[in-house]
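# Fold and contact review
Next come the chains, spelled out residue by residue.
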Protein chains: 2
Amino acid sequence: MSEIINKTDRRPLYKELGIETLQEHMIFIRKDSEVCVSEGFEALTRVRVKSDKGSLVASIQMVTSESLLKIGEAGLSNGAAQMLKVKEGDLLEISHLSDIKSLRHVRSKIYGKTLDFGAMTEIIQDIVKGRYAAVHLSAFITACAGDSLSTDEIIALTRAMVDAGDRLKWKKSVIADKHCVGGLPGNRTTPIVVAIVAAAGITIPKTSSRAITSPAGTADTMRVMTQVGLDLEEIQRIVYLHNGCIVSGENHLSPADDTLIRVERSLDIDSEGQMIASVLSKKTAAGSTHLIIDIPVGSTAKVRSESDAERLKYYFKVVGKELGFVLKVLITDGSQPIGRGIGPALEAHDVLAVLRNDPQAPGALKEKSIQLAGELLELVDQELKGKGTDAARRILESGEALDKFMAICMAQGGFTEPGIAKYTRNIYAEKSGTITEIDNRKLARIAKLAGAPSDPEAGVWFDAPLGRKVHKGDLLFVIHSQSTGELDYALNFLKTEDHVITIA
Amino acid sequence: MSEIINKTDRRPLYKELGIETLQEHMIFIRKDSEVCVSEGFEALTRVRVKSDKGSLVASIQMVTSESLLKIGEAGLSNGAAQMLKVKEGDLLEISHLSDIKSLRHVRSKIYGKTLDFGAMTEIIQDIVKGRYAAVHLSAFITACAGDSLSTDEIIALTRAMVDAGDRLKWKKSVIADKHCVGGLPGNRTTPIVVAIVAAAGITIPKTSSRAITSPAGTADTMRVMTQVGLDLEEIQRIVYLHNGCIVSGENHLSPADDTLIRVERSLDIDSEGQMIASVLSKKTAAGSTHLIIDIPVGSTAKVRSESDAERLKYYFKVVGKELGFVLKVLITDGSQPIGRGIGPALEAHDVLAVLRNDPQAPGALKEKSIQLAGELLELVDQELKGKGTDAARRILESGEALDKFMAICMAQGGFTEPGIAKYTRNIYAEKSGTITEIDNRKLARIAKLAGAPSDPEAGVWFDAPLGRKVHKGDLLFVIHSQSTGELDYALNFLKTEDHVITIA
């Protein structure tokens, strides 16, 4: 009977362990606890965990050692503890998860059926509630991958994703926005485009992402110069005052999207329908009406061929129109970095150089920013047809864009000049010739190994554009790092890799 | 600089934590450790972990608290620590995972391409090496689900799964086997069939599984009476002496299958191709040549319609023939439990009652066992055509089957009479009428809540077959449990559920 008498933890008490597992909530509990034995829970079973203050879905981690948890105690991953608002000693309840009913729609899709708005809504709502495990998310993404989503399904998915999150409302009827499909390092046009367009009197409330696999996202670069983690009310106030903002997009505009993107990344599946729904749901939620989409194409960019880019463009146009966007898609050169900096602070220096009309500013970044801003101005104002680029250039070169950028930074919490890394190492050409190829992915990897984006000053300063004739010993790029250890990582990687920059 | 000086754990030292995560290996490490910061590892990043003795793939769990791990220490889930053969203080190395090259085949399949044997082999080898995360497994299963695998692909997959594991070799050229597609509680024919067939002089080395989601697997039932965890050498010795064995199948015959099945279960996807490959790979690896497949059909069984059963039967025949099996598929009644017991010991009592020719033995279990054994005898011996059932009945009723069963149990480690649970509760009919429907899934759930299979004596003793006329107050079934707490769980579930047994 002693075994039964010991099983007294049907409702274990919370104990803090300090384990961070991001969005994957976990509950740590003794394997020999009564609730596990009697309910038949196994390691990794997904269960509902309740506290007085809330409820969520978590995976069970079985603890077999007395030192970590006593019978009658349970630990939670940090995020779960936060969401359940528990402190040590609080009661937790663990119960079986009810069936995830929307999985029947995922199964239908796997069997080739078409999903309507109702089905997409059920799926997305369950995802937002955290009811899908990674395997379920992966099954949904896989079932929607390739060309298996029809245009109607992409529209339904987009609308379902918008409905699952908050939505920004604006007084103006024209709200401009831009989006880059990504995958290209040093392509930091957004702060410049927002500054120009806002200076032209157009409303452009830009929400951007932090880097997930890249050395820097727009939010990382902006964070070097100002605050980016603003709430929806603050965003609305700043945009009302200055026409624009450049803030972090982690504000619940399309919560399902963040979850899906994480799984898509680890699958490395090009799910076009999902990508289009992802972008357009965030833009719809942000209240945007006029939208420029930038698709860089290059063998080491995200979109690798002209035909892939054309198909994406087609879908963006058809779905975007259906959702009420005035939208233009630009297919741009993705064969090399646009600016010179790769990494938050180095990119911030580029952005400031362009805005300050520094003669040393990277010309390609300036020209691409003017092009995108010009297209956006033409999109919102028919009368500017054919004159958008000129208007954008005038606003940039007159200093109006810089003034606007500074005003936005001040409103977001003040401006800070970006710093410079403690350690740098120059990388020189090993032979003479012409630069014929640049591996963007490897450059990005070097910047990350050097410490970007968690050390904002770390990264790569790149000065070896395609077509340039170099002599042996000419400078190609500079690695920036905050520690000699990280600098060594980056250098070691460089030693083992061929063709980061090809000279022929 | 203090921050950098503290980052001294590029190769952390192992510390035992005692966390069990089954096959999902995990490494616990401080978020602020140098290796995480500089390599850019995040929570849940999959990395390669090396010790002096081995290497495996694990997911990172970020520890944010000093009390759990110090800087310079890392914990491992129990299984990972075992595989790496580490003791406290041993050095661990953590590095980025190289690309999983076979994922390109998974992506091809998603895009509708056909996979050949080479591609299937690469995928299965990577799965066996633990390189696929749950999301990758799910993507593979989803891409193969529905009717998306051709017969050739199922054959290629089966062969790839066989190649990934060990394989039993036998001197005899005829090796009999049976398999039940499952999902029906109290369908414990296997021990009886093996006893009859082995007594007839046919070699039948039976490997069976433990329960994963059911109240009992054949291995759980056998474990109540004898040892089942034998190694391949012992199995061969016993089969040489007694023609048969009934052991646990956890002996690396088809390691990829165990991994895939776990994910399939949580997706609840009927992947027919995968199921056929799963069954036939295990049978091929076990060296079987003559095979009876039992497909119970019923609205609460695994296979729910006659047409689903017919399609499965077709695939089993075509693929089985291609793989060289002499094979017969039987579609059987899956509308209600076959025996009376549901749960390891209760099913063992049924098995023994049939073998002992107890007049109270469940007739349906006896008849179904005779039918399956008879079909198997006819399959291996053309001369028995039309006389298999009679032969099987004679062997069973003469007591030869019981003698053989006991001999096998003794060889496997001795025979123990199954026990009886401490607590029971009778469940009576709430009205008079005819029993028109039985929910097998709910009966199984009650047996599990009562403690099966971890308490082998727990479960349900069922005595309310379809078509029986009952009066209000007649006994329908009895819940068996080793603790009053678990008995209460089962009773509480019963209270909230309608239609466990329908009386009309």
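Residues numbered from 1 in each chain as written. Chains lettered and ligands numbered in written order. Predicted model: local features only at pLDDT ≥ 70, side-chain atom pairs only at ≥ 80, totals over all residues. Heavy atoms only, no water.

### Here's the deal with the overall build of chain A
The helix and strand tally for chain A stands at 19 helices and 19 strands. On C-alpha atoms alone, chain A measures out to a radius of gyration of 25 Å, which is about the 23 Å that the 2.2 N^0.38 rule sets for 504 residues. If you line up chain A on its principal axes, its C-alpha atoms span 85 × 50 × 45 Å. By the burial criterion, 58% of the 504 residues in chain A qualify as buried. A sequence separation of at least 24 residues applies to 79% of the contacts in chain A between residues at least 6 apart. Split by element, the accessible area of chain A, about 20400 Å² in all, is 48% carbon and sulfur. Counting 62 positive and 66 negative side-chain charges, chain A places the centres of these two groups 1 Å from one another. (Helix = DSSP H or I, 4+ residues; strand = E, 2+ residues; numbered from the N terminus. Rg over C-alpha atoms; globule rule 2.2 N^0.38 Å. Buried < 20%, exposed > 50% of the residue type's maximum accessible area, 1.4 Å probe, protein only. Contact = heavy atoms within 4.5 Å. Areas by Shrake-Rupley, 256 points an atom, 1.4 Å probe, with all protein chains shown as cover. Lys, Arg positive; Asp, Glu negative; His and termini not counted. Charge placed at Lys NZ, Arg CZ, Asp CG, Glu CD.)

### Observations concerning the nonpolar core
Formed by 108 residues in total, the largest nonpolar core has its most connected members in A:Leu280, A:Ile295, A:Phe316, B:Leu280, B:Ile295 and B:Phe316. If we ignore the near neighbours within four places in the chain, the residues touching B:Leu280 are B:Thr158, B:Leu291, B:Phe316, B:Val319, B:Gly320, B:Leu323, B:Phe325 and B:Leu327. (Core = buried A, V, L, I, M, F, W, Y, C linked by side-chain atoms within 4.5 Å.)

### Details of the relation of the copies chain A and chain B
At an RMSD of 0.1 Å, chain A and chain B line up after a rotation of 179° and a shift of 0.0 Å along the axis. Here the symmetry operator amounts to a two-fold rotation axis. Interface residue correspondence from chain A to chain B reaches 100%, placing this contact among same-surface, isologous pairings. (Least-squares fit on C-alpha atoms with pLDDT ≥ 70 in both.)

### So, the sheet that holds strand E11 (residues 290-297) of chain A
All names here are of chain A. The strand order across the open sheet formed by 3 strands is E8-E11-E12, and the pairing between neighbours is parallel. Either end of the sheet is taken by a strand with one partner, and the two such strands are strand E8 (176-180) and strand E12 (326-333). Taking the axes of each pair of neighbouring strands and ignoring which way they run, one obtains an average angle of 20° across the sheet. Where E11 and E12 come together, 8 bridges link them in parallel fashion. The residue of E12 that forms the bridge with Asp-294 is Leu-330. (Pairing = 2+ DSSP bridges. Axes fitted to C-alpha atoms, helices over the stretch in contact; angles between N-to-C directions.)

### Comments concerning the domain arrangement of chain A
Accessible area lost on assembly of the parts is the figure often given for the size of an interface. What the domain assignment lists for chain A is domain 1 (2-96), domain 2 (103-163), domain 3 (176-254 + 269-412) and domain 4 (423-503). Spacing between the C-alpha centres of domain 1 of chain A and domain 4 of chain A amounts to 47 Å. (Domains from an automatic or database assignment.)

### Looking at the environment of A:Ala139
For A:Ala139, the location among the structural elements is in helix H6 (residues 134-144). Classification of A:Ala139 as buried rests on a relative accessible area of 1%. Excluding residues that lie within four positions of it along the chain, A:Ala139 makes contacts with A:Val106, B:Ser138, B:Thr142 and B:Leu267.

### A look at the interface of chain A and chain B
Listed by partner, the interface residues are 57 residues for chain A and 58 residues for chain B. Between chain A and chain B lies a buried interface of about 4600 Å² when both sides are counted; carbon and sulfur atoms form 57% of it. Sorting the residues of chain A by area buried against chain B places A:Glu20, A:Val135 and A:Tyr489 first, and these three jointly supply 13% of that buried surface. For the pair chain A and chain B, the interface holds 2 salt bridges. When the shortest N-O distance is used, the salt bridge between B:Glu20 and A:Lys31 registers 3.0 Å. The interface formed by chain A and chain B holds 16 residue pairs in polar contact (both at pLDDT 80 or more) in total. For the side of chain A that touches chain B, the leading source of residues is H6(A), giving 7 residues. Summarising the sheet, strand E2 (residues 19-20) of chain A and strand E5 (residues 55-63) of chain B pair through 2 bridges and their orientation is antiparallel. (Buried area = accessible area lost by both parts, 1.4 Å probe. Salt bridge = Lys/Arg side-chain N within 4 Å of Asp/Glu carboxyl O. Polar contact = N/O pair within 3.5 Å; in protein donor to acceptor, adjacent residues only side chain to side chain.)

### Brief notes about the pairing of strand E4 (residues 46-50) of chain B
All names here are of chain B. Strand direction decides the pairing type here: E4 and E5, joined by 5 bridges, are antiparallel. Note that in E5 the partner of Arg-46 across the bridge is Ser-59. Hairpin geometry of E4 and E5 is characterised by an intervening segment of 4 residues between the two adjacent antiparallel strands. Here E4 runs beside strand E7 (residues 93-96); their pairing, made up of 4 bridges, is antiparallel. Bridge pairing links Arg-48 to Ser-95 in E7.

### Notes on the pattern of salt bridges
According to the stated counting rule, one finds 49 salt bridges over all chains in the structure shown. Of the charged contacts, one joins A:Asp463 and A:Arg340 as a salt bridge, the two residues approaching to 3.6 Å between their closest N and O atoms. Here the residue A:Asp463 occupies a position in the loop between strand E16 (459-462) and strand E17 (469-470), and A:Arg340 occupies one in the loop between E12 and strand E13 (341-342), the gap between them amounting to 123 residues. B:Lys283 is paired through a salt bridge with B:Asp177; the nearest N and O atoms lie 3.4 Å apart.

### Comments concerning helix H15 (residues 363-380) of chain B
Taking 1.5 Å as the rise per residue, H15(B) with 18 residues should run 26 Å; its terminal C-alpha atoms sit 26 Å apart, in good agreement. Burial within H15(B) is extensive, with 14 of its 18 residues counted as buried. (Expected span 1.5 Å × (residues − 1).)

### Notes on helix H16 (residues 388-397) of chain A
Residue and element names in this part refer to chain A. Of all the positions in H16, only Gly-388, Ala-391, Ala-392, Ile-395 and Leu-396 are classed as buried. Seen end-on, H16 carries its buried residues on one side only, within an arc spanning 130°. In this fold, the buried residues of H16 make contact with helix H8 (190-199), helix H14 (344-355), helix H15 (363-380) and helix H17 (400-412). Phi turns positive, to about 90°, at Gly-399, one or two residues after H16. (Arc of directions from axis to C-beta.)

### Details of the packing of aromatic side chains
Counted under the stated rule, the structure contains 3 aromatic pairs over all chains. Seen from their ring centres, B:Tyr314 and B:Tyr315 are 5.6 Å apart, and the 65° between their planes marks the pair as edge-to-face. Since its relative accessible area comes to 15%, B:Tyr315 is described here as buried. The ring centre of A:Phe493 lies 5.3 Å from the NZ or CZ of A:Arg445, which sits over that ring. (Phe/Tyr/Trp six-rings, centres within 6.5 Å; stacked < 30°, edge-to-face > 60°. Lys NZ or Arg CZ within 6 Å of the ring centre and 35° of its normal.)

### Let's talk about the state of the cysteines
Residues and elements named next belong to chain A. Tallying each qualifying case throughout the model produces 0 disulfides over all chains. The closest cysteine sulfur to the non-disulfide-bonded Cys-409 is located on Cys-245, 11 Å from its own sulfur. A relative accessible area of 0% means that Cys-409 is categorised as buried. (Disulfide = S-S within 2.5 Å.)

### A word on the sheet that holds strand E15 (residues 433-438) of chain A
Residues and elements named next belong to chain A. Spatial ordering of the open sheet is given by E17-E15-E19, a layout of 3 strands whose pairing is antiparallel. Sheet topology places E17 and strand E19 (501-503) at the edges, where each strand pairs with a single neighbour. With 3 bridges joining them, E15 and E19 adopt antiparallel strand pairing. Note on E19: the bridge partner recorded for Glu-437 is Thr-502.

### Examining the UniProt feature "domain: Pyrimidine nucleoside phosphorylase C-terminal" (unreviewed entry) in chain A
Per the UniProt record, "domain: Pyrimidine nucleoside phosphorylase C-terminal" (unreviewed entry) is found at residues 434-501 of chain A. The span residues 434-501 of chain A carries 34% helix and 28% strand; its end-to-end C-alpha distance comes to 10 Å. (UniProt positions renumbered as here; feature names shortened; annotations may be inferred.)

### Digging into the environment of B:Ile338
Residues and elements named next belong to chain B. Assignment of secondary structure puts Ile-338 in the loop between strand E12 (326-333) and strand E13 (341-342). Taking the C-alpha atoms as reference points, Ile-338 and Gly-363, separated by 25 residues in sequence, lie 8.6 Å from one another. If we skip the residues at most four places from it in the chain, Ile-338 touches Leu-184, Pro-185, Gly-186, Asn-187, Asp-333, Pro-362, Ala-364, Leu-365 and Lys-368.

### Topic: unusual backbone geometry
Here A:Ala452 and A:Pro453 are connected by a cis peptide whose omega angle stands at 0°. Positive phi outside glycine occurs at A:Asn357, with the angle close to 55°. Tracing the chain through its elements places A:Asn357 in the loop between H14 and H15. The backbone of B:His499 sits at a positive phi, close to 60°, despite the residue not being glycine. Mapped onto the secondary structure, B:His499 falls in the loop between helix H19 (484-496) and strand E19 (501-503).

### Regarding the packing of H15(B) against helix H16 (residues 388-397) of chain B
Residue and element names in this part refer to chain B. In contact at an axis separation of 7 Å, H15 and H16 are set at 125° when each is read in the N-to-C sense. Taken together, the axes of H15 and H16 are oblique relative to one another. Helix-helix and strand crossings are classified by hand; for H15 and H16 the assignment is right-handed. Along its contact with H15, which presents Lys-366, Glu-367, Ile-370, Ala-373, Gly-374, Leu-377 and Glu-378, the element H16 presents Gly-388, Thr-389, Ala-391, Ala-392, Arg-393, Leu-396 and Glu-397. Per-class residue counts for the contact of H15 with H16 are 6 nonpolar, 3 polar and 5 charged. (Parallel < 35°, antiparallel > 145°, perpendicular 65-115°, else oblique. Left-handed = near helix turned anticlockwise from the far one by under 90°. Nonpolar A, V, L, I, M, F, W, Y, C, P; charged D, E, K, R; others polar.)

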